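Secondary and tertiary structure notes
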Amino acid sequence: MGKVEVDYSLYLVTGRELLPPGKDYYESLEESLKGGVTVVQIREKTADTGEFVEVARRTKEITDKYNVPLLINDRIDVFLAVGAAGIHIGQTDMPLALARALAGPGAVVGVSTGSVAEARAAVDGGADYVGIGPVWATQSKDVTHKTVLGPDGAGAILEELAGTGVRSVAIGGIQPPNVAFLLHGSISPDARNHLDGIAVISAVVSSREPERAARDLRAIVDSFKRARRALGDSVSSFTQRAAGAPTPDADALLRGVEELMRTVRDSQPLVHQITNNVVVNDSANVTLAVGASPIMATHPRDVADLSAAIGALLINFGTIQDKEGVFVAGRHANMNRKPIVFDPVAVGATAFRRETATQFLHHWQPAIIKGNAAEIGALAQSTEVLSRGVDSVGAGFADPGSVVKALARKRGAVVVLTGKHDYISDGEVVLRVSNGHDLLGTITGSGCQTGSLIATFAAAARTHCLAAGPATEDESQLTQGDMLLAALAGVLVYTVAAEVAAARPDVKGPGTFRAALIDELYNLRAETVLARAHVEVLSA
């Protein structure tokens, strides 16, 4: 008999101990299969052999009814006794080579992997698939002695698996609110390899409505796969260019900027800004000046309630204070499909800031990351440019375009590098913007204000996209709209207004420039931006 073809989209790991009170295991299992579970693994760590065999036998009767493959956790004897489709082993279970030899060539064999080295060994040992995890901490099993990978850690393993034919599911702490983030954030940076599915335990087993729970999870995974097929090898869903679509030229981009400026004025988006206390007032004022509405809230309950109403979220941690509020705001923005702009101020200056940035990026997915050379360098793990507080030290990157392109691919986000020239990339296209004025370097928070405007135009890009038609694969896409264009609009509007402000005869220095800048943002019109813009498309 040949090996069963497995659809790994929704992989259910059983756990009878996690059932709600009064819920029958077999009833829950059948309901979950009706909801769209595509493969089942029986996990019975405490049952004796006779009980395990009986549970597996009855389980197989139900999975066979739905043509869903059944896998057995660890126990070759149970696998043989019930004629299951395959077996799954952990790193401390039976060696892979022995499991393969005993199970036979027709069996599906999977292995738990928590590192690139373990994934490489699984490939070399002939595994059919790997379970990558734990992605997050989980109550379903003890992972205290394992490395919690996060989506980007899963992406590193997927990079290793690319081209091998070995399939993949992620496991650990997966619940409906974080599935879209996991699927997007784990896409491997170079090969663009993505998960074949998700493995869940409590998200289905602990539900009183397992059919609905399974259906909701399956809808997200199916939507993600459809979106990836439409995007082809496109690096980021945040630009939403269809596979084979031409790269926009500078003129087309500027027409898009003009449209977003109009959208901001017409829609007056509410822009939630968790920003540092040095720049709160100025950030609010520049947001108001371009036609949007700022709100500065940090309490976890406050930000959770606000999330449904906002157009975009800016997270700027120049003065790190309410971390829990940031965690909650970011998670809810992803859940509500609102774009997040992350400005990791001085992230390379201290170990605390680096650790905090890593924690944040394990909890939510930004659409846009914006920083100066030191900040972008720290996120890219480069020592080419160092940090002195909030400032960069040195001459800058030798090839800034390559740096932002690589980081965009790694993080699955649009990346903005600010400086004398601003570089913007979605991992495919690199833009260089050569606008601005030296006086920007003499006022506090010019970079932070740029982040506020990028968030404003991210909200406008989402609004503009939704106004043009129904949302594209909204179940799995973390936001709608062209975030590359939004980043360009935010940078251009701010830097062009700075040029106009600096040229005014009443501007005598930093103090008068600061006030004039807000005035010129208020008075700025699209024709001025288009006339002054210096935008180059460097690569695609």
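A brief look at the structure comes next. (Residues numbered from 1 in each chain as written. Predicted model: local features only at pLDDT ≥ 70, side-chain atom pairs only at ≥ 80, totals over all residues. Heavy atoms only, no water.)

When its secondary structure is counted, the chain shows 20 helices and 19 strands. What you see for the chain is a C-alpha radius of gyration of 25 Å, in line with the 24 Å of a compact globule of 540 residues. Taking the principal axes of the C-alpha coordinates as reference, the chain spans close to 90 × 45 × 45 Å. Counting all 540 residues of the chain, 56% fall into the buried class. In the chain, of all internal contacts separated by at least 6 residues, the share reaching a separation of at least 24 is 71%. As presented, the chain carries roughly 21000 Å² of accessible surface, and 51% of it is formed by carbon and sulfur atoms. Charged side chains in the chain number 50 positive and 60 negative. The centres of these two groups are separated by 1 Å. (Helix = DSSP H or I, 4+ residues; strand = E, 2+ residues; numbered from the N terminus. Rg over C-alpha atoms; globule rule 2.2 N^0.38 Å. Buried < 20%, exposed > 50% of the residue type's maximum accessible area, 1.4 Å probe, protein only. Contact = heavy atoms within 4.5 Å. Areas by Shrake-Rupley, 256 points an atom, 1.4 Å probe, with all protein chains shown as cover. Lys, Arg positive; Asp, Glu negative; His and termini not counted. Charge placed at Lys NZ, Arg CZ, Asp CG, Glu CD.)

Before going further, it helps to examine the packing of aromatic side chains. Scanning the entire structure with this criterion turns up nine aromatic pairs. Taking the centre distance of 5.9 Å and the plane angle of 45° together, the rings of Trp 136 and Phe 181 count as tilted. With Trp 136 in the loop between strand S6 (129-132) and helix H6 (150-161) and Phe 181 in helix H7 (residues 176-185), this residue pair connects regions lying 45 residues apart in the sequence. The exposure class assigned to Phe 181 is buried, which follows from its relative accessible area of 3%. Centroid distance Phe 317 to Phe 360: 6.1 Å. Interplanar angle 50°. Geometry classified as tilted. Separated by 43 residues along the polypeptide, Phe 317 in the loop between strand S11 (312-316) and helix H13 (323-335) and Phe 360 in helix H14 (residues 351-363) bring together distant segments of the chain. Phe 317 gets classed as buried once you look at its relative accessible area, which sits at 3%. (Phe/Tyr/Trp six-rings, centres within 6.5 Å; stacked < 30°, edge-to-face > 60°.)

A few words now on the pairing of S6. Every second residue of S6 is oriented toward a common face, with Tyr 129 and Gly 131 on one face and Val 130 and Ile 132 on the other, all of them buried. As paired elements, strand S5 (residues 108-113) and S6 share four bridges and run parallel to each other. Its bridge partner lying in S6, Ser 112 is registered against Gly 131. Where the polypeptide runs from S5 across helix H5 (residues 116-124) and back to S6, its parallel neighbour, the crossover connection is right-handed. (Pairing = 2+ DSSP bridges. Right-handed = clockwise from strand over helix to strand, strands pointing away.)

Below, the discussion takes up the pattern of salt bridges. Per the stated rule, a full pass over the model turns up 30 salt bridges. In this structure, Lys 65 engages Glu 30 in a salt bridge whose closest nitrogen and oxygen atoms are separated by 2.7 Å. Within this pair, whereas Lys 65 is found in helix H2 (residues 49-65), its partner Glu 30 is found in helix H1 (residues 25-35), the two being separated by 35 residues in sequence. With its nearest N and O atoms 2.7 Å apart, the salt bridge here joins Asp 506 to Arg 504. We classify Asp 506 as partly exposed; its relative accessible area is 39%. What emerges from the salt-bridge pattern is a single network uniting Arg 504, Asp 506, Asp 519 and Glu 520. (Salt bridge = Lys/Arg side-chain N within 4 Å of Asp/Glu carboxyl O.)

On to the side chain of Asn 435, then. Residue position: Asn 435 is located in the loop between strand S18 (430-433) and helix H17 (446-468). Look at Asn 435 and you get buried, because its relative accessible area is 6%. Beyond its immediate sequence surroundings of up to four residues, Asn 435 is in contact with Lys 420, Asp 422, Leu 492, Thr 495, Val 496, Glu 499, Arg 532, Ala 533 and His 534.

A separate point is the sheet that holds strand S10 (residues 293-295). Overall, mixed pairing links the nine strands, which are arranged S10-S9-S11-S12-S13-S16-S17-S18-S19 in an open sheet. Strands at the two margins of the open sheet, each flanked by one partner only, are S10 and strand S19 (535-539). Averaged over all neighbouring strand pairs, the angle between strand axes comes to 20°, with direction disregarded. Two strands pair when backbone bridges link them, and S18 and S19 are joined in this way by four bridges, in the antiparallel orientation. Bridge assignment links Arg 432 to a residue of S19, and that residue is Glu 536. The sheet strands contacting helix H16 (residues 400-411) are strand S13 (368-371), strand S16 (414-417), strand S17 (422-425), S18 and S19, and the helix crosses S17 at an angle near 35°. Packed onto the sheet, helix H18 (residues 483-502) meets S13, S16, S17, S18 and S19 and runs at close to 165° relative to S17. (Axes fitted to C-alpha atoms, helices over the stretch in contact; angles between N-to-C directions.)

Moving on: H18. Along an α-helix, residues three or four apart share an orientation, since each turn contains 3.6 residues. With 20 residues, H18 ought to run about 28 Å at 1.5 Å a step, and its terminal C-alpha atoms sit 29 Å apart, in line with that. Burial of H18 is extensive: 20 of the 20 residues sit out of reach of the surface. One side-chain oxygen of the residue at the start of H18 lies 3.1 Å from the amide nitrogen of Leu 484, identifying that residue as Asp 482. (Expected span 1.5 Å × (residues − 1). Polar contact = N/O pair within 3.5 Å; in protein donor to acceptor, adjacent residues only side chain to side chain.)

Okay, the pairing of S13 next. Each regular strand carries side chains that alternate between the two faces of the sheet. Residues Ile 368 and Lys 370 of S13 are buried on one face, and the alternating residues Ile 369 and Gly 371, pointing to the opposite face, are buried as well. Taken together, the two bridges between strand S12 (residues 340-343) and S13 define a ladder with parallel strand orientation. The residue bridging Phe 342 from the neighbouring strand is Ile 369, located in S13. Of the pairings in the sheet, the one linking S13 to S16 comprises four bridges and is parallel in character. In the strand pairing of S16, Ile 369 is matched with Val 415.

The next thing to look at is the side chain of Ser 9. Within the secondary structure, Ser 9 is located in the segment before strand S1 (10-13). On the accessibility criterion, Ser 9 (3% relative accessible area) is buried. At 2.7 Å, the side chain of Ser 9 and the side chain of Asp 7 are in polar contact. Only 2.8 Å separates the side chain of Ser 9 from the side chain of Lys 225, close enough to count as a polar contact. Beyond its immediate chain neighbours, meaning those up to four positions away, Ser 9 contacts Thr 38, Asp 196, Gly 197, Ile 198, Arg 218, Val 221, Asp 222 and Lys 225.

With that out of the way, let us pick up unusual backbone geometry. For the bond from Gly 133 to Pro 134, the omega torsion is 5°, close enough to zero to count as cis. Positive phi values are uncommon outside glycine, yet Ala 346 reaches one of about 55°. Here Ala 346 lies in the loop between S12 and H14. Phi angles above zero are rare outside glycine, and Glu 473 is one such case at about 45°.

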